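# A closer look at the structure
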Amino acid sequence: MYIYVKRFFDIFFSLICILIFLPIFIIVSLILKFSGEGEVFYLQKRLGFKIKKFSIIKFATMLKNSENIGSGTITLRNDFRVTKPGKILRKTKINELPQIFNIFIGDISFVGPRPLVKKTFDDYPITIKNLIYNSKPGLTGIGSIFFRDEELILSTTRNESPQNFYKRVVAPFKGDLELWYLHNKSFVLDFKLIVLTAYIVIFPKSKIILNSFHNLPQIPGELKEFFK
């Protein structure tokens, strides 16, 4: 019952969002078309429900072939691969809006585990990899909210590369958060996560997430300074 009602919700509200945000889609598309490299949309293979691949849709914010230069699939604060319009789109999260089309066609849901590229997915411990996509991935979710400023976290790693820090510390905790969602998912939780997502977009420095749930996985010591 939960799955079918959630799918109806996704179709209905994604269609409404497409209509509401249509002016923004047009304006951003024109800006990107006539600036930088002229790329409007960025399509990337991600892992979805039951680990099946699909193409996620975002506004283009980085240089072409960016995955093969610099820090690869990891984006850092002030990353040289991010274009000037891309910096604004990423900061405001407008670059994520085209994923509404992914929701409408059924690739993802509004709420769920974040869909990852295979290389990043492989950083999860095997116990997490076997379970995480038993639920359809989402535009937002508990992991996305916690790591809304992942670029900052990975840009301040000490004595090791961002890639190693992600694999050793970030990926296991992010996976624990996503599994927590799978074990607790409900309409009430989904609604709460959507509201929290909207809130932190407006107030990005807010720590409200820490006071919103009382049974979350323990934050690793090396990450506590980012969630105080």
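Please read all numbers here as calculations on a predicted model, not as lab measurements.

### Topic: the pattern of salt bridges
If you walk through the whole model with that rule in mind, you get 11 salt bridges. One continuous salt-bridge network, built from bridges that share partners, spans K58, E96 and R114.

### Thoughts on the side chain of K58
As for its position among the elements, K58 is in strand β2 (residues 53-59). Take K58: its relative accessible area is 13%, and that puts it in the buried class. Ignoring any residue separated from it by four or fewer positions in sequence, one finds K58 in contact with V40, F41, Y42, R46, N95, E96, P98, Q99 and R114.

### So, the environment of K93
One can find K93 in the loop between α2 (84-92) and α3 (99-105). Sequence separation between K93 and R148 is 55 residues; the distance between their C-alpha atoms is 9.5 Å. If near-sequence neighbours (up to four positions away) are discounted, K93 is found in contact with R148 and V201.

### Let's talk about a nonpolar patch on the surface
On the surface, F8, F9, F12, F13, I16 and I20 cluster together into a nonpolar patch covering about 570 Å² of accessible area. Relative to the elements of secondary structure, F13 occurs in helix α1 (residues 2-33).

### Topic: the pairing of β2
Of all the seven residues making up β2, five are buried; the element is thus mostly covered by neighbouring parts of the structure. Here seven bridges tie strand β1 (residues 41-47) to β2, and the two strands are oriented antiparallel to one another. Paired with Q44 across the strands is I56, a residue of β2. Where β1 hands over to β2, the hairpin turn is made up of five residues, of which K50 adopts a positive phi near 60°.

### A look at the side chain of R46
Along the chain, the position of R46 falls in strand β1. We note that R46 is buried and unpaired, the nearest opposite charge coming from E96 at a distance of 6.6 Å. Engagement of the side chain of R46 in a polar contact is seen with the side chain of Q44, the distance being 2.6 Å. Within the structure, the side chain of R46 is placed 2.7 Å from the backbone oxygen of P115, a separation counted as a polar contact.

### Things to note about the packing of aromatic side chains
The geometry of an aromatic ring pair comes down to the distance between the two centres and the angle between the two planes. What the rule picks out here adds up to 14 aromatic pairs. With a centroid separation of 5.7 Å and an interplanar angle of 20°, the aromatic rings of F121 and Y133 are classed as stacked. Of this pair, F121 sits in helix α4 (residues 118-121) while Y133 sits in the loop between α5 (126-129) and β4 (138-140); the two residues are 12 residues apart in sequence, bridging distant segments of the chain. No difference in accessibility class separates F121 from Y133, as the two residues are buried. Geometrically, the ring pair formed by Y199 and F203 is tilted, given 4.9 Å between the ring centres and 40° between the ring planes. Accessibility expressed as a relative area gives 43% for F203, which makes it partly exposed.

### Topic: the nonpolar core
Grouped together as the largest cluster of nonpolar side chains are 52 residues, with contacts concentrated most on I142, F146, F147, Y181 and L223. Of all the secondary-structure elements, those providing two or more residues to this core are α1, β2, α3, β3 (109-111), α6 (142-146), α7 (150-155), α8 (162-184) and α9 (187-202). For this core, the leading source of residues is α8, giving 11 residues.

### Brief notes about unusual backbone geometry
Its identity as a non-glycine residue notwithstanding, K50 has a phi of 60°, on the positive side. By the element assignment, K50 lies in the loop between β1 and β2. You will see that I51, though not glycine, has its phi angle at about 60°, which is positive. Topologically, I51 is positioned in the loop between β1 and β2. You can call I51 partly exposed: its relative accessible area is 41%.

Thresholds, definitions, all that
- Per chain, residues are indexed from 1 in the order of the written sequence.
- Per-residue local features of the predicted model are confined to residues with pLDDT of at least 70, and side-chain atom pairs are confined, for both listing and counting, to 80 or more; whole-chain, interface and lining totals are unaffected and use all residues.
- Side-chain descriptors were evaluated using all non-hydrogen atoms of the structure, hydrogens and water having been removed beforehand.
- By definition, a salt bridge exists where a carboxyl oxygen of Asp or Glu is found within 4 Å of a side-chain nitrogen of Lys or Arg.
- In this description a helix means any DSSP run of H or I spanning at least four residues, a strand means any run of E spanning at least two, and both kinds are numbered starting from the N terminus.
- Only protein chains enter the calculation, and the probe is 1.4 Å; a residue is then buried if its accessible area is under 20% of its type maximum, exposed if over 50%, and partly exposed in between.
- Contacts were defined at the residue level, with two residues in contact if any of their heavy atoms lie within 4.5 Å.
- Patches were defined on residues exceeding 30% relative accessible area and lacking a salt bridge, with like-charge contacts within 9 Å and nonpolar side-chain contacts (Val, Leu, Ile, Met, Phe, Trp, Tyr) within 5 Å.
- Only the protein chains shown count as cover for residues, and the accessible areas themselves come from Shrake-Rupley with a 1.4 Å probe.
- We treat two strands as partners when DSSP finds at least two bridges between them.
- Positive charge is attributed to Lys and Arg, negative charge to Asp and Glu, and no charge count is given to His or to the chain ends.
- Each polar contact in these results corresponds to two N or O atoms within 3.5 Å; when the atoms are within protein, one needs to be able to donate a hydrogen and the other to accept it, and residues that are neighboring in sequence are counted only if both atoms are side-chain atoms.
- A pair of Phe, Tyr and Trp rings is counted when the ring centres sit within 6.5 Å of each other, with Trp represented by its six-membered ring. The angle between the planes then sorts it: under 30 degrees is stacked, over 60 is edge-to-face, the rest tilted.
- Nonpolar core, defined: a set of buried Ala, Val, Leu, Ile, Met, Phe, Trp, Tyr and Cys residues in which side-chain atoms within 4.5 Å join the residues together.

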